[in-house]
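Architecture and fold: a report
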Amino acid sequence: MTRRLAEVAKYVGVSEATVSRVLNGRPGISDTTRNAVLTALDVLGYERPVKLRGERARLVGLVLPELQNPIFPAFAEVVAGALSKKGFTPVLCTRTTDGVAEADYVDMLLDQHVSGVIFAGGNYAQADADHDHYRRLLQRGLPAILVNASIEGLGFPRVSADDSVAVEQAYGHLTSLGHERIGLILGPRDHQPSQRKLDAFKGDPQLVERTIFSMEGGHSAAARLVDRGATGLICASDVLALGAVRGARRAGLKVPSDISIVGYDDSSVMTCTDPPLTTIRQPIEAMGQAAVALLVAEIAGSPVVADELLFDPELVVRGSTASAH
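Since we're looking at a predicted model, the values are computed, not measured. (Residues numbered from 1 in each chain as written. Predicted model: local features only at pLDDT ≥ 70, side-chain atom pairs only at ≥ 80, totals over all residues. Heavy atoms only, no water.)

**Some points on the overall build of the chain**
The helix and strand tally for the chain stands at eleven helices and twelve strands. Taking the principal axes of its C-alpha atoms as reference, the chain extends roughly 80 × 30 × 30 Å. Going through the 325 residues of the chain one by one, you find that 51% of them count as buried. In the chain, the share of contacts with a sequence separation of at least 24, taken over all contacts with a separation of at least 6, comes to 68%. About 14,600 Å² of surface is accessible on the chain, with carbon and sulfur atoms providing 51% of the total. Averaged over its 32 positive side-chain charges, the chain has a centre that lies 6 Å from the centre of its 38 negative ones. (Helix = DSSP H or I, 4+ residues; strand = E, 2+ residues; numbered from the N terminus. Buried < 20%, exposed > 50% of the residue type's maximum accessible area, 1.4 Å probe, protein only. Contact = heavy atoms within 4.5 Å. Areas by Shrake-Rupley, 256 points an atom, 1.4 Å probe, with all protein chains shown as cover. Lys, Arg positive; Asp, Glu negative; His and termini not counted. Charge placed at Lys NZ, Arg CZ, Asp CG, Glu CD.)

**Side note on the layout of surface pockets**
Volume-wise, the largest pocket comes out at about 1,000 Å³. A total of three residues in the lining of the largest pocket trace back to one element, the largest contributor, which is helix 4 (residues 71–85). Taken together, the residues of the lining of the largest pocket break down into 22 nonpolar, twelve polar and six charged. Its boundaries defined by the atoms lining it, the second largest pocket holds a volume of some 640 Å³. Looking at the second largest pocket, it is lined by 26 residues, and the ones nearest its centre are Ala36, Thr39, Arg140, Gly141 and Leu142. (1 Å grid on protein atoms, 1.4 Å probe; cavity = no way out; pocket = protein on both sides within 12 Å on 5 of 7 lines; lining within 4 Å. Points joined across faces, edges and corners; volume = space filled by probe spheres on them. Nonpolar A, V, L, I, M, F, W, Y, C, P; charged D, E, K, R; others polar.)

**Focus on the packing of helix 2 (residues 16–23) against helix 3 (residues 31–44)**
Close contact between helix 2 and helix 3 brings their axes to 10 Å; oriented N to C, the two are set at 85 degrees. Taken together, the axes of helix 2 and helix 3 are roughly perpendicular relative to one another. In this structure, helix 2 contributes Thr18, Val19, Val22 and Leu23 to the contact, and helix 3 contributes Thr33, Arg34, Val37, Leu38 and Leu41. (Axes fitted to C-alpha atoms, helices over the stretch in contact; angles between N-to-C directions. Parallel < 35°, antiparallel > 145°, perpendicular 65-115°, else oblique.)

**Let's talk about the sheet that holds strand 8 (residues 232–235)**
Reading across from one edge, 7-6-8-9-10-12 is the order of the six strands in this open sheet, with mixed pairing throughout. The outermost strands of the open sheet, each flanked by one partner alone, are strand 7 (208–210) and strand 12 (314–316). Pairs of neighbouring strands in the sheet enclose a mean axial angle of 20 degrees, with direction left out of account. With four bridges joining them, strand 6 (residues 182–186) and strand 8 adopt parallel strand pairing. Looking across to strand 8, one finds that leucine 184 is bridged to isoleucine 234. In the packing of helix 10 (residues 238–250) onto the sheet, the strands contacted are strand 6, strand 8, strand 9 (260–265) and strand 10 (278–281), and the crossing angle to strand 9 comes to about 160 degrees. (Pairing = 2+ DSSP bridges.)

**Here we look at the sheet that holds strand 2 (residues 89–94)**
Within a sheet, adjacent strands bond to each other through the backbone by hydrogen bonds, running parallel or antiparallel. If you trace the six strands from one edge of the open sheet to the other, you get 2-1-3-4-5-11, paired in parallel fashion. Each edge of the open sheet carries a strand with a single partner, namely strand 2 and strand 11 (308–311). Sheet twist, expressed as the mean angle between neighbouring strand axes with direction ignored, is 15 degrees. As paired elements, strand 1 (residues 59–64) and strand 3 (residues 116–120) share four bridges and run parallel to each other. When the bridges of strand 3 are listed, glycine 61 appears paired with valine 117. Sitting on the sheet, helix 11 (residues 284–299) is in contact with strand 1, strand 3, strand 4 (144–147), strand 5 (158–161) and strand 11, with an inclination near 160 degrees to strand 4.

**Overview of the side chain of threonine 273**
Mapped onto the secondary structure, threonine 273 falls in the loop between strand 9 and strand 10. Its relative accessible area of 18% is what places threonine 273 among the buried residues. One polar contact links the side chain of threonine 273 to the main-chain amide nitrogen of leucine 277, over a distance of 3.3 Å. (Polar contact = N/O pair within 3.5 Å; in protein donor to acceptor, adjacent residues only side chain to side chain.)

**Structural notes on the nonpolar core**
If you look at the biggest cluster of nonpolar residues, it comprises 83 residues, and the most contacted ones within it are Phe75, Ile118, Phe119, Ile185 and Leu233. For this core, the element with the highest residue contribution is helix 11, accounting for nine residues. When sequence neighbours within four positions are dropped, the list of residues in contact with isoleucine 118 reads Val60, Gly61, Leu62, Val63, Phe75, Val79, Ile145, Val147, Ala291, Val292 and Leu295. In this structure, Leu5, Ala9, Val19 and Leu38 belong to the second largest nonpolar core, which totals twelve residues. (Core = buried A, V, L, I, M, F, W, Y, C linked by side-chain atoms within 4.5 Å.)

**Some thoughts on the pairing of strand 8**
Residues Gly232 and Ile234 point to one face of strand 8 and Leu233 and Cys235 to the other, with burial holding for every one of them. Pairing between strand 8 and strand 9: three bridges, direction parallel. Following the sheet pairing, leucine 233 is matched in strand 9 by isoleucine 261. Tracing the backbone out of strand 8, into helix 10 and back to the parallel element strand 9 gives a crossover that is right-handed. (Right-handed = clockwise from strand over helix to strand, strands pointing away.)

**Observations regarding the environment of glutamate 168**
Relative to the elements of secondary structure, glutamate 168 occurs in helix 7 (residues 163–176). By relative accessible area, which is 42% here, glutamate 168 ends up partly exposed. Along the backbone, glutamate 168 and aspartate 190 are 22 residues apart, and their C-alpha atoms lie at a distance of 21 Å.

Pasting the structure below:
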């Protein structure tokens, strides 16, 4: 018992007397301190007192921007499976167009006393977005992992696919097929993964288009690049690439005989498109496992460096690319 009190007190940063008061249900302890002590019991592997077990909650928030892009459900499946094996229950939070913002979800997760949070495709990737909720997590000392490129200085560990390698692979593939007029379709200007892709792009800057991540965005951007004579397109997501296919066809071109298109992400449905999409595959299995391993280590009190793990993506050649005329 004495060892348990000492370990929990050290983990939370309070006195052993405070821990004892929480375990015995005594008054005079703030909710924040009480919840921190109960979470520490869970993390350190101690059973809560019988009267407190109903509050046991080894929950981890998984915050995603959407579920329409199939890469996010695929990533959620990897993370949920890895968390379950570690004894945690994922709480899925998806931003909506009708007002449930990422910051709102963070407040809800804090109210649920989650043990940690994994973010994918969140506000941290956009320089002009609101970042105050990340600072709240840091102030609370709540473990969190960011998946893919973020703005600098947020102070969280990151797990990312290497955007530079992705563009190099796609560009190399198209040039090997004889394409010289290669266009690049990216997300908004403040989107950090898109900026990394742009930095690695060796083509004509006049053949770069920015748009929103949607089929419609890819459609309109592709139409503009077709007008400028592009014969190959590199897209920052598969959804953009599918929109680009539609835009090229609306312009009277055939894919891939008239124009080649490369996507980015690769989920299982990309083999079923017309034509099957050549794309750069994010290693979501390895990235999801790494994100969970880092989070669980941090929850257990192990020091985790606020650094970035970079994973190499993989070129998957299918039917949307062909030799230039």
